[in-house]
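Observations on the three-dimensional arrangement
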Amino acid sequence: MATLVYTQFVFLLLFQSSVWGFPVRQTPQESPTCGYKSCHATKPGMLNVHLVPHTHDDVGWLKTVDQYFYGDRNDIQHAGVQYILDSVVDQLLKNPDRRFIYVETAFFYRWWKRQTDDMQNTVKQLVNEGRLEFVNGGWCMSDEATTHYSAVVDQMTMGLRFLNDTFGHCGRPRVAWHIDPFGHAREHASMFAQMGYDGFFFGRLDYQDRSRRMAAREQEMLWRASESLTPPMADLFTGILPNGYNPPEGFCWDQSCDDPPIRDDPDLEDYNVDDVVTRFLSIAHTQALVYKTNHIIMTMGSDFQYENANLWYKNLDKLIHYVNQQQSNGSKVNVLYSTPSCYLQELHRTNLTWPLKGDDFFPYADSAHDFWTGYFTSRPALKRYERISNSYLQTCNQLEVLGGPISRKGPFGAGDSETMKKAMAVAQHHDAVSGTEKQHVANDYARRLANGWAHCQVLVSNTLSSLSGSSAPRVYCEHLNISVCPLTETSKKFSVNVYNPLARPVSWPVRLPVNGTAYSISDANGKAVDSQVVPVSQATAAVRRGRGYAVNELLFQVQAPPLGYSTYSVSLLQNGAPSPQASPLPRAPKAVQNKFLRVTFDPETGLLSSLSNLETQQTVKLSQNFYWYNASDGKNSESIQMSGAYIFRPNTSTPFIISKTAKIETLQNSVVQEVRQWFSPWVSQVVRLYTDSRALELEWTVGPVPIGDDLGKEVISRLDSSINSSGVFYTDSNGREMLQRRKDYRPTWNLRQSEPIAGNYYPINSRAYIKDDKDQLTVVTDRSQGGGSIQDGSLEIMLHRRLLYDDVRGVGEPLNETSDIYPEGLVVRGRLLLSLSPPATAADTHRPLAQEVVLQPLITFTDGELHPNTRLEFSGLQAVLPPAVHLLTVSQWDQDSVLLRLEHQYQASESKEHSQPVSVNLQKLFSTLDVLGVSEMNLSANQWKDEMTRLDWKAESGEKPLPKREGDPSMWEVNLKPMEIRTFLLRVRQRVNHQPPFQNEPITNQHCSINQPIPVA
């Protein structure tokens, strides 16, 4: 009973100030007839056909988001979302039986803001009566292969919050709806379950998988989406729609369709009611043969349909009338207007058991030679920009909370996080970060992210000014990866502020473009920091194309406290020619090593030859090189399918090597050892080992990919090792749990492999690994990429794609990226981080490493001497969090409330040390905030956790229900189990000029299990 008292207590604390943005607690007396209560009655003993009127509105694809909303550029595609919503509302009012579902909150939000009070009240009535129903409800319908879970949670939270604020209980979707994404991730299903959805429907799955499921009537199942979370926490009922998301053939009545309308005047020569009814009954009976119950669903709509909704509804009204009229003649088919949630409710009422699914739905092929595995890598520069923008956004959110009101209105003007939140939310769309949009749309997504970051920079500058006490202007250098930063290139004295968005201290290598040859650097305590100056590489000088003129790079290692910053002062000591010791040597070293790793090179080729972990005394043979697959042009005896933005189809299973040897330069100093490899004019790499790093960095630069030979190219980096991987490798699902992949194999059906390369590619969101009994080689990526293990001991990752043909999936242009800076073809730079560990402890390295890459420090600069009273170091936490705990979300919710998500970042059983329950004290978390009240929410923060109830589903395995989760140790101390994310609304008060001393070591608390640390002030 203590939990009940606690919930009521903190609830009062939260709501005494009448804040907005919280879920409305419903009482039975006031609950409207929406949701499951608003469903039309079905008829037992009949085949009930649920017609679902819908529109699929891409948040950018062939046109930009703005063009789609306004109906602009109809020469590209006729589509105008504002007219769809206008027309649908008008038609729903004409017949109370009619239903419509809407999905993309990004569009609905825009439309809603432009409506009169009368129209808004009318729409609220339609929602309250269940006639207009929201499904999915995120800002967009996210991609599932190339999105990171943190960004998906954010965009879902944003869309669902708007629906909750606007419509209350009746605006909450019961069903997740991913009808268009090109394959489906297990982590998405896990997230949807934790967001409180009762079910999930999608349209696309592999053609072989569908065929088997149709024959076995297993197109509806229970998806167990986590191996770590206790069922049914991540269990999600999942259904596969019959026609993708289109209407049955012959029954499309949109203005974009050519199917004949229902002509029901018997006096007319072309009367066709009997024909329509006969064809519909035939389709319904055929569909019923491949589903399990006497209920079937039909999606009545498609891309951007219902702009003239009268066409659809007039014919649907007639269809329902004339088909149901046949019941008097003995027909056993009943047709009704419905929604996905009403259909789901009827499936639940059957009380059947359902097959269990434990893996995911990648890769997706719609034919024998048509694998949708190219988009895992398409537009690699945009994929990286989206990932770095996510890091920017989390930093922006955190500093808005830590800075308080001055962050939004301070010495540098008005800043906000909202613009960046919306830009990032749009970027999660399944034709955005996926890379499957037209070029001008990709440019628009990037422009939105840049604009969002510009708004955030003001906010960040305001907060850092407030926390540090320095009003000096702050400079942001976003091209440090190519050694461009005008301030560091010209200034004789400047300071470097390093903000760390993680909940643990980080050590991070900094490389700054400079023109001096010697510098002195001091940390926040005035202590000298070791630094080195090295020449800018030829590859970097070439790739910046005149955007910077630094001849050298200043290298040093920085440390930053959790959720805080540290400041470093840099002073020029010497100009002139660099010392001879700083110049690279034109040969490969036998080896480079630090105290953790040793890497050897083949002196003949200049390539990697082995990797050793010196701590664990393990060594593997390891070589790495670059190759390209020749992209199919469709002139093939087996299939005319071309490689394109979606499809990966190489002409041959053997890639072409770019060069068997590399030209080499070697640099070795006290900060870093690097071997610069040059393979061709368009491929180079730096193999880099920092002094204190447990990971080997491979910084690759690829492009412009040459196409003068009229051959499209798909460029890979391939690692070949002595590890006996037995045809198995592992990839992450959206950056969280790892999934096993086996060559030429699918867990749920007997695969007929027809594309030995593309059919063995999987999405790699943040890491992949191969292992045997002794050794695990893990590769952490800096963006989403496609990859596979085609040979034992091998791991290949696709880096760049340049193609000459469209793959005929709708985008209508080849993936051939150029820009003003790179008119001859895009140049892309990125990093792979390699670690070698025993399998039992590998996660202890790759989990924190991947988080560091996703949420990397933000580096800002101020010119000149800092004021003597400047606060040079700050942490927003009272103590470092336990290693297993990741601070997923710290975001301002409203004036007095903060949204907090705590995540256990280890899977069950993957780490002896860290795969244990851990507890965190919420009152002893922040250094600048007093936490006055707390209430737990579901993952998407649109329901109170204690009110979240979901439909129960029974699996065919007949397993017994598991015990309920244990309670928390106390009111403020919360437990986290492996892979668990817990979401809280905190009622907070800003502390004035007070920060308890930061504790760098976690402190053991007596309430925890033995040696289990928690943060304590």
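Residues numbered from 1 in each chain as written. Predicted model: local features only at pLDDT ≥ 70, side-chain atom pairs only at ≥ 80, totals over all residues. Heavy atoms only, no water.

1. Topic: the packing of helix 4 (residues 105-113) against helix 5 (residues 117-128)
Worth spelling out the cut-off: Only the stretch in contact is used when a helix axis is fitted, and all axes are lines through C-alpha atoms; the angle between N-to-C directions ranges over 0 to 180 degrees. Helix and strand labels come from DSSP, where a helix needs a run of H or I of at least four residues and a strand needs a run of E of at least two; each type is numbered from the N terminus. Roughly parallel refers to an angle under 35 degrees, roughly antiparallel to one over 145, roughly perpendicular to one between 65 and 115, and oblique to any angle outside these ranges. For this analysis, residues touch if any pair of their heavy atoms sits within 4.5 Å.
The interhelical angle for the contact between helix 4 and helix 5, taken along N-to-C directions, is 135°, at an axis separation of 10 Å. Classified by the angle between their axes, helix 4 and helix 5 sit oblique to one another. Contacts from F108, W111 and W112 in helix 4 reach M119, Q120, V123 and K124 in helix 5.

2. As for the sheet that holds strand 46 (residues 929-937)
Condition: If DSSP finds at least two bridges between two strands, the strands pair.
Judged by pairing direction, the sheet is antiparallel, and its 4 strands sit side by side in the order 43-44-49-46 without closing on themselves. Since the sheet does not close on itself, it has two edges, and those belong to strand 43 (885-894) and strand 46, each with one partner. For this sheet, the mean inter-axis angle between neighbouring strands, taken without regard to orientation, is 30°. Direction of pairing for strand 43 relative to strand 44 (residues 897-904): antiparallel, over a ladder of 8 bridges. From the neighbouring strand, T889 faces strand 44, where its bridge partner is R901. Lying over the sheet, helix 6 (residues 149-167) contacts strand 43, strand 44 and strand 49 (981-990), oriented at roughly 25° with respect to strand 43.

3. With respect to the pattern of salt bridges
Filter applied, for reference: Basic side-chain nitrogens of Lys or Arg form a salt bridge, by our definition, when they fall within 4 Å of a carboxyl oxygen of Asp or Glu. Burial classification: accessible surface area is computed with a 1.4 Å probe over protein chains only, and a residue below 20% of its type maximum counts as buried, one above 50% as exposed, and the rest as partly exposed.
According to the stated counting rule, one finds 55 salt bridges in the structure shown. A salt bridge links E852 to R504; the shortest N-O distance between them is 3.3 Å. Note that E852 is positioned in helix 17 (residues 842-854) and R504 in the loop between strand 17 (493-500) and strand 18 (506-514), a separation of 348 residues in sequence. Overall, E852 belongs to the buried group, its relative accessible area being 18%. For R504, a relative accessible area of 18% gives the class buried.

4. What to know about the sheet that holds strand 36 (residues 767-771)
An order of 28-29-30-31-40-37-36-33-34 is seen for the 9 strands of this open sheet, with the pairing classed as antiparallel. Because the sheet does not close on itself, it has two edges, and the strands there are strand 28 (663-668) and strand 34 (738-742). Each adjacent strand pair in this sheet contributes to an overall mean axis angle of 20°, direction not counted. The sheet contacts of helix 17 involve strand 34, strand 36, strand 37 (776-781) and strand 40 (828-837), and relative to strand 37 the element is tilted by about 10°.

5. Focus on the confidence of the model for the protein chain
For the record, the criterion: Per-residue confidence from the predictor is reported as pLDDT, which spans 0 to 100.
Here the protein chain averages 93 in pLDDT, while 93% of its residues score no lower than 70. Throughout residues 1-20 the model reports pLDDT below 50, and contacts reaching past four residues in sequence, or to other chains, amount to 29 contacts. Below pLDDT 50 for its whole length, residues 1001-1017 participates in 46 contacts with residues either more than four positions away or in separate chains.

6. Some details on the nonpolar core
Quick note on the threshold: By nonpolar core is meant a set of buried Ala, Val, Leu, Ile, Met, Phe, Trp, Tyr and Cys residues that side-chain atoms within 4.5 Å join together.
By size, the foremost hydrophobic cluster in this structure holds 178 residues, and its most contacted members are V49, L51, F108, Y306, L319 and L696. Among the elements that line this core, the one with the most residues is helix 6, at 9 residues. Ignoring anything within four residues of it in the chain, the contact list for L696 reads L597, V599, L608, L611, V687, R688, L689, L832, L833 and L834. Membership of the second largest hydrophobic core comes to 48 residues, among which are L467, V885, V934 and V974.

7. As for the packing of helix 3 (residues 81-92) against helix 4
To be explicit about the condition: The residue classification treats Ala, Val, Leu, Ile, Met, Phe, Trp, Tyr, Cys and Pro as nonpolar and Asp, Glu, Lys and Arg as charged. All others, Gly included, are polar.
Relative orientation of the contacting elements helix 3 and helix 4 amounts to 70°, with a least axis distance of 10 Å. Viewed along their axes, helix 3 and helix 4 adopt a mutual orientation that is roughly perpendicular. In this structure, helix 3 uses V81, Q82, L85, D86 and V89 to contact helix 4, whose residues at the interface are F107, F108 and W111. Of the residues in the contact of helix 3 with helix 4, the class split is 6 nonpolar, 1 polar and 1 charged.

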